[in-house]
Every structure is written in structure tokens, then in C-alpha cells.
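Spelled out, the chains give:
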Amino acid sequence: MDHTMVSDTHPTAARKPWYRQLYVWVLVAIVLGILVGWLAPDTGEAMQPIGTTFVEAMKMLIGPIVFLTIVGGIASVADLKKVGVTGLKALGYFQIGTILAMLTGLVAINIFRLGDGVNADASTIETTGTAAELIEKGENQQWWEFLTHIIPGSVAAPFVEGDILQIIFMAVIFGIALNAVGQIGAPVLDVIQRLTAVIFKVLNYIMKAAPLGAFGAMAFAVGKYGVETLSSLGWLILLFYGTSLVFVVVVLGSVMAFLKLNLFKMLKHFKEELLLILGTSTAEPALPGLMRKLQHAGVKKETVGLVVPTGYSFNLDGAAIYLSLAAVYIAQATNTDLTIGQQLGMLAVMLLTSKGAAGVAGGGFIALTATLSTLGTIPAAGIMLIFGIDKFMSECRALVNFCGNAVATLFIAWWDKSLDVDRARRVFNGEDVEPLEEPTTTETTTEAPAVGRATPAVEDPLAELESSTVPAVPTTTQLHRVVDGPAADLKTAETDTVFRDRDDELVNEAAR
């Protein structure tokens, strides 16, 4: 009896008509949101609750999804050393990617020098409202705080506050402990696997409201900030978008070419998630879809569960480009001269300060302010010069962050030899690929469980008996092996010889 089920968390191979595709309606909603915000700004600004409600509903699931997937992945592997090696590989890749992203932004702003001629007097710049709060928070933040901040004050606090870094820390510790206790933790692992399926089903329901969320968020952004904001610093926005495009095509495209995969086909595969990010200005709602589709593309579940959530905190390529570009622009606008050495030193500081603001509202501004305050050469108040256009740059930051994490997960999976490249290629090409089958908690095996792994609990003992290749009633040989241990084989051989001789005698008598 084959106790398997097709996972409900992967994309279906069946093709839907274009008018039933989610990305089509998200795109329509974005266009309508822009029109409403432009033609009726007050009405567009009033649409804010629609967008924020959808984003909050998605964020409600981010914490549980990250926790359950990491715990389930770590607890199910046979070798914990492999998990540690994968984590170290991911962190190393993230640092290299962040440095390359920052250097890309640094080169772009030094070539075009858009801040020259602004001649802003930092002493006369007033900081008010939300910007003032972010500046104050950034100025009081130390570079090492992200290390101490990882440890939560309570078990519930990370989920209440939506702190992804703390959730990752708890999930890794819990997953390792669950793996270490072995069979005792089997019922807990079973519950985690079932909860994961339920959470993804809830996510599927919420995603049906994605067009409404994209409409509300886009209408609010255009209605509140207006086209005038875009035109005043349009060249800086254009430079940021252009630099980000170059980074994605050249740097990420090179990584994909190394993997013998096509970047543009991968982006097409994630079109629904990319449009969702474009409409909501944040990458968080797209995290579950990214994990689901990467699994379907042939990346092992444990790799996806560890690398993707960690990347959402440590692999922020879009934010890295923005930080380096914005910092030098402020220096140019306030007539602050920076040598090449000072700019490289600034990048080293950004590698630390950017981690402290991961997953925090206004994280980009907090990281930028913390960097400027740490250096002391660029006035932190200068961020008011770009505060108005930050909303229109956040979409690009989130899009690049998303693309960077997708490519990073594929590369780490290849590095770990856990990537089915042929399957990934066929999925990205849009071919109909059979969904991956995942064993349920009722599936059994005659192989001995790996040491240290929590084996899923058996839901139906009768089903196990029917599906097992071992007879229900133990044989004499099996009983001897249980009772006598190493001497069982010798005793069994002697017994078999006696019975064989007796059988031969009976056959001869019957023949006579």
C-alpha cells in the first residue's frame, strides 16, 4: 500500500486560462491604482487601509512559515553537520553578494555624481515627523546590536513583533534539539509537518486578495506623494533603477549562467511574486511563494527552509545598492568630500549596520543613518533630501532583494549538490513538470532510521503492517536473532539442517 500524497504547497502543473492567472489581475490592479492616485489623489490616499490590511495579513503568516519550515527541515535531516555547512556557505555567499551590490552603487554614483550642484546646507535642514524618529533611532544604534538583538526576550515576542532574525534563531535551536532527541520528538515533528500544510493552505486563501492589496498600496503611494515628488528627484530614482537592473542582469545573470540556467526565464517563472512586490512595495508577501516554487523547481526542502528566510535578513542586494548610492549622494549634495578610501571604509561599516535593521520598519533609513552617524563625516540630517522619494525606491529595493535570494538559494543548493538542475531548467522553461511527491507521516520504511533523526510517528499501525515487507508474524530466525543476538545465525543453521533431514525422510516414506 503506497502511503504518499502530492504536496499541496507546490504549483500545479495544470495551466489556467490567462484571465484566471493571479499575476494578470495584480497587474491590472497596479495600473488602476496608479490612475486613481494620479487623477483623484484624495481618493487614492484613502485607499491606504486596503493595502496595509493585505500586507499585515501576509506578515501574519511569515513568522509561522519561517519557523515551521526551518524546524521541519533541520529536524528531518540525518546529518546536522550538513545543516551547519549549508548555513556557513549561505552566509559567505550573502556577504560576497552584498559587497558586490554596494560596489555597484558606489561606482554608479561616482560616475554620474547627481549630488553635485545641490549645495544643501546640512545645518539648515529640519528633520520632522517619521524621518526624525528614524534618524534618532539610527543615531542611537550600535553596529554590534544585531548580534545581541538576535536573542529574543521571550518565546512569543518575535512572532508578535514580526522579528525575522529572532524567529530564525529560535527555529534553528528548536530544530537542532528536535533532531537530537530522536524518536521522542517524532510526534512533535509530525505536528509541525501538518501545521505547515495548514499554514500554506491559509496562505493560498489570502493570496486571492492580492489584487486588492496591490491596488490599495499603489493608489495610496501615488495619491500621497504625487507625480511632483517623482519629477523633483527623478534622475536619482532613474539612476537607482538603472543600477539595480545592471546588477541583476550582469551579476545575478552571471551566477545563473554558471548554473547553466536562464535568468530571464527564472524571472518569468516568478512573475506573480514580482508583480505582488511591485504593488505592495515589500518582499515579505512573496516569501512563501518563493519557497514553494523553488521546491517545485528541484531545490530540497531543507535547503529552501534554511537559505530563503536567512537571506531575507542577510542577503539584501537591493538595500545594499541603495545604501551606498544614497550615502554618497548625500555627501555630494552637502559638499562633503570623500576619498576612495573613506568610501570603502563606509562600505565596511554598512556591512554591519545593515544587518541591525533587517526586518525592521524603515530599516533602510535606520541603516543609512547608523552608517552616517558611525562615520561622522556625512551629516545624518541629509537623509531628508531623499526621504520624499524613498517610497518609490522601495519597490526596486524589494524586487532586487527577491531576485538576489532566488539566485542565492539556487546557487547554495548547487553547491550542496542538492539541486536538480534539469528539473529547474524545465520548470523555468514553463514545461509541464510532474509535482514532487512528499511522503506523509504514515509512510513507513524497512530501513533503520538515521541516528539523531526524529522519525515521523505512525498514524495507523494497521496501515504500517499492510505496507511493510516484513511478515506480521515473526519467523523462527527473527526470534532467534532477538533472543540470542550474535549466536542466532549458528543456531538457525543447525535448526534448518534438522528440519531439512526430517522433511527428506517424510518424502521418502511417502514415495515408498
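No experiment lies behind these values; they were computed from the predicted model shown.

Cut-offs used in this document
Residues numbered from 1 in each chain as written. Predicted model: local features only at pLDDT ≥ 70, side-chain atom pairs only at ≥ 80, totals over all residues. Heavy atoms only, no water. Core = buried A, V, L, I, M, F, W, Y, C linked by side-chain atoms within 4.5 Å. Buried < 20%, exposed > 50% of the residue type's maximum accessible area, 1.4 Å probe, protein only. Helix = DSSP H or I, 4+ residues; strand = E, 2+ residues; numbered from the N terminus. Contact = heavy atoms within 4.5 Å. Phe/Tyr/Trp six-rings, centres within 6.5 Å; stacked < 30°, edge-to-face > 60°. Patch = residues over 30% accessible without salt bridge, like charges linked within 9 Å, V, L, I, M, F, W, Y side chains within 5 Å. Areas by Shrake-Rupley, 256 points an atom, 1.4 Å probe, with all protein chains shown as cover. Salt bridge = Lys/Arg side-chain N within 4 Å of Asp/Glu carboxyl O. pLDDT = per-residue confidence, 0-100.

1. Regarding the nonpolar core
Grouped burial of nonpolar side chains is what soluble globular proteins tend to show.
Reasoning step 1: Counting residues in hydrophobic clusters, the biggest one holds 125 residues, and the most contacted among them are Met-266, Tyr-322, Leu-368, Ile-386, Leu-410 and Phe-428.
Reasoning step 2: With 14 residues, the top contributor of residues to this core is helix α19 (residues 390-415).

2. With respect to the side chain of Gln-166
Reasoning step 1: Assignment of secondary structure puts Gln-166 in helix α8 (residues 164-180).
Reasoning step 2: Apart from the residues within four sequence positions on either side, Gln-166 is in contact with His-149, Ile-150, Ile-151, Pro-152 and Pro-158.

3. A look at the packing of aromatic side chains
Reasoning step 1: Scanning the entire structure with this criterion turns up 12 aromatic pairs.
Reasoning step 2: Centre to centre, the rings of Phe-67 and Phe-174 are 5.8 Å apart; their planes meet at 45 degrees, and the pair counts as tilted. Of this pair, Phe-67 sits in helix α3 (residues 48-76) while Phe-174 sits in helix α8, and the two are 107 residues apart along the sequence.
Reasoning step 3: Its relative accessible area of 16% is what places Phe-67 among the buried residues.

4. A short note on a nonpolar patch on the surface
Reasoning step 1: Together, Trp-18, Tyr-19, Trp-25, Leu-27, Val-28, Val-31, Leu-32, Leu-35, Trp-38 and Leu-39 line one region of the surface with nonpolar side chains, adding up to about 1,100 Å² of accessible area.
Reasoning step 2: Positionally, Leu-39 belongs in helix α1 (residues 22-39).
Reasoning step 3: Given the relative accessible area of 64%, Leu-39 is considered exposed.

5. Concerning the confidence of the model for the protein chain
Reasoning step 1: Taken residue by residue, the protein chain gives an average pLDDT of 78. The fraction at 70 or more is 74%.
Reasoning step 2: Helix α12 (residues 263-269) holds the highest mean pLDDT among the elements of the protein chain, 96, whereas strand β1 (residues 4-6) holds the lowest, 38.
Reasoning step 3: Of the regions scoring below 50 in pLDDT, residues 1-13 engages in 31 contacts with residues more than four places distant in sequence or in other chains.
Reasoning step 4: When the criterion is pLDDT under 50, residues 439-492 qualifies, and its contacts beyond four places in sequence or with other chains add up to 65 contacts.

6. Observations concerning the pattern of salt bridges
Reasoning step 1: In this structure the tally under the stated criterion is six salt bridges.
Reasoning step 2: Here Asp-416 ties to Lys-89 by a salt bridge, and the two come within 2.9 Å at their closest N and O atoms. With a gap of 327 residues between them, Asp-416 in the loop between α19 and α20 (421-428) and Lys-89 in helix α4 (residues 80-112) connect regions that are remote in the sequence. Both residues of the pair, Asp-416 and Lys-89, belong to the buried class.

7. Description of the side chain of Ser-244
Reasoning step 1: In this structure, Ser-244 sits in helix α11 (residues 234-258).
Reasoning step 2: If we skip the residues at most four places from it in the chain, Ser-244 touches Ile-321, Cys-396 and Val-400.

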